[in-house]
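# Structural characterization, general
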Amino acid sequence: MQQKVIRELLESEPSLHPVSISGWVRAFRSNRFIALNDGSTIRNLQCVVDYEKFEESLLHKVTIGAAIGVTGTLVASQGQGQAVEIQVSKLEVLGEANPEELKLTILSPKRHSLETLREQAHLRVRTNTFGAVMRLRSKLAFAIHDYFQKNGFYYMHTPIITGSDAEGAGEMFRVTTLDAKNPPLHPNGTVNYSEDFFGKESNLTVSGQLEAETYAMGLGKVYTFGPTFRAENSNTSRHLAEFWMIEPEVAFNDLDDNMDLAEDFIKYVVKYAIDFCEDDLEFLEKRLQEEEKSKPQNERSEMTLREKLMFVLDNNFVRVSYTEAIEILKNSNHNKKKKFKYLIDDWGADLQSEHERYLVEKHFKRPVILFDYPAKIKAFYMRLNEDGNTVRAMDILFPGIGEIVGGSQREERYEVLKAKMKTMGIPEEELYWYLDLRKFGTCVHSGFGLGFERLVQFVTGMGNIRDVIPYPRTPGNAEF
Ligand code: 4AD
Ligand code: MG
């Protein structure tokens with residue numbers, strides 16, 4: 001007999017043909033109604049057992065969390081809450097879950113905080129919240145590939161172990177096979193990495209951008225979608241040490257084309273979630289509403305989760321230069337009343353997330369694309385503007401999230417790039433291959449990076465980035 005999943009059954013018509021289904025028990029009421037979930041949907045299937053037909057010892061093992069298999073017929077439901085249910089003829093307990101031990105886990109029926117759920121990350125996917133988040137995460141990943149594949153991009157795999165620092169920020173995790181207690185040393189006492197596995201210092205990648213640029217200069221339009229690693233000691237609700245990034249790179253695109261691409265792309269994937277994840281979004285919307293109730297009135301969101309998503313689809317992102325943004329911030333009442341932790345007084349300051357959120361949530365009330373940042377606060381590879389002070393950078397800022405995308409038009413002029421690397425202390429020997437691109441058929445090109453978890457946060461309404469990735473890696477935590 002063909003095994004079906006609950007999502008399919010709930011959409012089927014009643015039938016006399018027996019069906020088999022397996023899943024985990026969510027509840028067992030009155031020794032008669034089993035609520036079964038198999039992960040295929042947030043909805044449970046009601047399985048009705050006639051307890052007189054089954055051994056008491058067997059029914060005893062049907063406890064919350066247990067894995068069971070049932071066979072029966074799909075009938076129209078007598079009760080409320082579901083159109084169909086299974087009239088069980090055969091019941092098998094596949095894996096028991098001792099109720100005494102279960103009480104100590106997050107699978108017990110009482111409500112648990114997200115923090116508690118994080119401590120049992122191996123079990124949390126069996127909760128409604130994490131089931132919904134992870135199904136959405138999977139759908140969003142697919143939507144991303146779908147968008148690029150439909151638009152003529154090639155998916156390229158950039159290396160995870162690299163010898164270069166793509167962002168030039170020095171936030172890398174070293175990769176080594178040297179004996180930490182007794183590494184080979186140079187006569188001056190420093191570690192001799194020429195004896196290391198790769199014959200040089202190497203690290204986990206912080207971004208696939210530089211390699212993506214090389215491929216864009218041959219394939220035209222490429223994108224990467226892979227794990228990236230940052231050894232920054234940021235303990236915030238928006239930072240992970242290991243996160244997934246989507247990085248498209250396009251030959252002959254300038255910064256305006258780059259902004260158009262980013263906006264179109266984000267709208268596509270958000271629309272995909274609205275269209276294909278209705279049940280999960282409905283659940284997450286209610287969850288968020290509950291959560292908001294614990295906040296003071298003035299901090300509560302005026303929009304529901306799906307209204308926020310629709311809002312992104314229905315509105316153009318506002319495009320503002322860094323210089324204009326600084327003026328807005330400087331003259332804001334918020335700044336004058338010293339409500340920012342970091343007050344804005346001069347052009348050139350890096351924007352903190354409080355400023356980004358002010359622009360998006362209070363001032364424009366729309367997603368914002370900030371561009372033309374001061375060269376000093378941005379990476380070495382961004383194209384210098386004619387003013388000599390600003391670069392063709394763009395950050396996309398989202399409500400509740402702050403920066404969701406960082407990108408730029410790349411410096412394609414050999415001499416300018418070389419000089420820039422020199423002043424910023426980026427070693428030329430390490431990036432000779434990157435400079436080569438500017439020697440042989442250089443051209444205008446642009447790209448950006450979207451933090452996948454920040455996107456998932458936005459779409460699911462989850463407040464903490466640790467709750468949108470299966471196994472979060474953060475400073476002091478690499479459990480599981
Ligand atoms: O702004 P970032 O550092 O840009 C780059 O890495 C460029 N090389 C991208 C490119 O142009 N191809 O990072 C891009 C995005 C950020 O906007 C943010 O969404 C996300 O990656 N991000 C993080 N997400 C989670 N945890 C962290 N520690 C993150 N750091 C960046
Ligand atoms: Mg950035």
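Our subject is the structure listed above.
Residues numbered from 1 in each chain as written. Chains lettered and ligands numbered in written order. Predicted model: local features only at pLDDT ≥ 70, side-chain atom pairs only at ≥ 80, totals over all residues. Heavy atoms only, no water.

### Focus on the site of ligand 1
Contacts to ligand 1 come from 24 residues, most closely from Glu167, Gln209, Arg230, Glu247 and Glu403. Taking Arg230, its side chain carries an N or O atom lying 2.8 Å from an oxygen atom of ligand 1. Of all the secondary-structure elements, those providing two or more residues to the shell around ligand 1 are strand S11 (242-251), strand S15 (402-409) and strand S16 (445-451). Classifying every residue of the shell around ligand 1 gives eight nonpolar, eight polar and eight charged. (Near = heavy atom within 4 Å. Polar contact = N/O pair within 3.5 Å; in protein donor to acceptor, adjacent residues only side chain to side chain. Helix = DSSP H or I, 4+ residues; strand = E, 2+ residues; numbered from the N terminus. Nonpolar A, V, L, I, M, F, W, Y, C, P; charged D, E, K, R; others polar.)

### A few points about a positive patch on the surface
Where like charges cluster on the molecular surface, the positive patch consists of Lys337, Lys339, Lys362 and Lys365. Along the chain, Lys362 turns up in helix H12 (residues 353-364). (Patch = residues over 30% accessible without salt bridge, like charges linked within 9 Å, V, L, I, M, F, W, Y side chains within 5 Å. Areas by Shrake-Rupley, 256 points an atom, 1.4 Å probe, with all protein chains shown as cover. Salt bridge = Lys/Arg side-chain N within 4 Å of Asp/Glu carboxyl O. Lys, Arg positive; Asp, Glu negative; His and termini not counted. Charge placed at Lys NZ, Arg CZ, Asp CG, Glu CD.)

### A look at helix H8 (residues 278-293)
Compared with an ideal rise of 1.5 Å per residue, which puts 16 residues at 22 Å, H8 spans 23 Å between its outermost C-alpha atoms and is within 8% of the ideal. For H8, the elements touching its buried residues are helix H4 (114-119), helix H5 (128-150), helix H7 (255-276), helix H9 (305-314) and helix H15 (452-460). (Expected span 1.5 Å × (residues − 1). Contact = heavy atoms within 4.5 Å.)

### Observations regarding the side chain of Asp38
Among the structural elements, Asp38 can be located in the loop between strand S2 (33-37) and strand S3 (45-48). Put simply, Asp38 is tucked away with no salt bridge, and the nearest opposite charge, on Arg135, sits 7.0 Å away. A polar contact of 2.8 Å, which involves the side chain of Asp38, links it to the backbone nitrogen of Ile6. A polar contact of 2.6 Å, which involves the side chain of Asp38, links it to the side chain of Ser40. (Buried < 20%, exposed > 50% of the residue type's maximum accessible area, 1.4 Å probe, protein only.)

### Let's talk about the packing of aromatic side chains
Under the defined criterion, the tally for this structure stands at 22 aromatic pairs. Between Tyr147 and Phe265 the ring centres are 5.4 Å apart and the planes differ by 55 degrees, which places this aromatic pair in the tilted class. Within this pair, whereas Tyr147 is found in helix H5, its partner Phe265 is found in helix H7, the two being separated by 118 residues in sequence. Of the two residues examined, Tyr147 and Phe265, each falls in the buried class. Residues Phe317 and Phe398 carry aromatic rings whose centres are separated by 5.7 Å and whose planes lie at 85 degrees to one another, so their mutual orientation is edge-to-face. One end of the pair, Phe317, is in the loop between H9 and strand S12 (318-321); the other, Phe398, is in strand S14 (residues 390-398), with 81 residues separating them in the sequence. When its relative accessible area of 4% is taken as the criterion, Phe317 is described as buried. (Phe/Tyr/Trp six-rings, centres within 6.5 Å; stacked < 30°, edge-to-face > 60°.)

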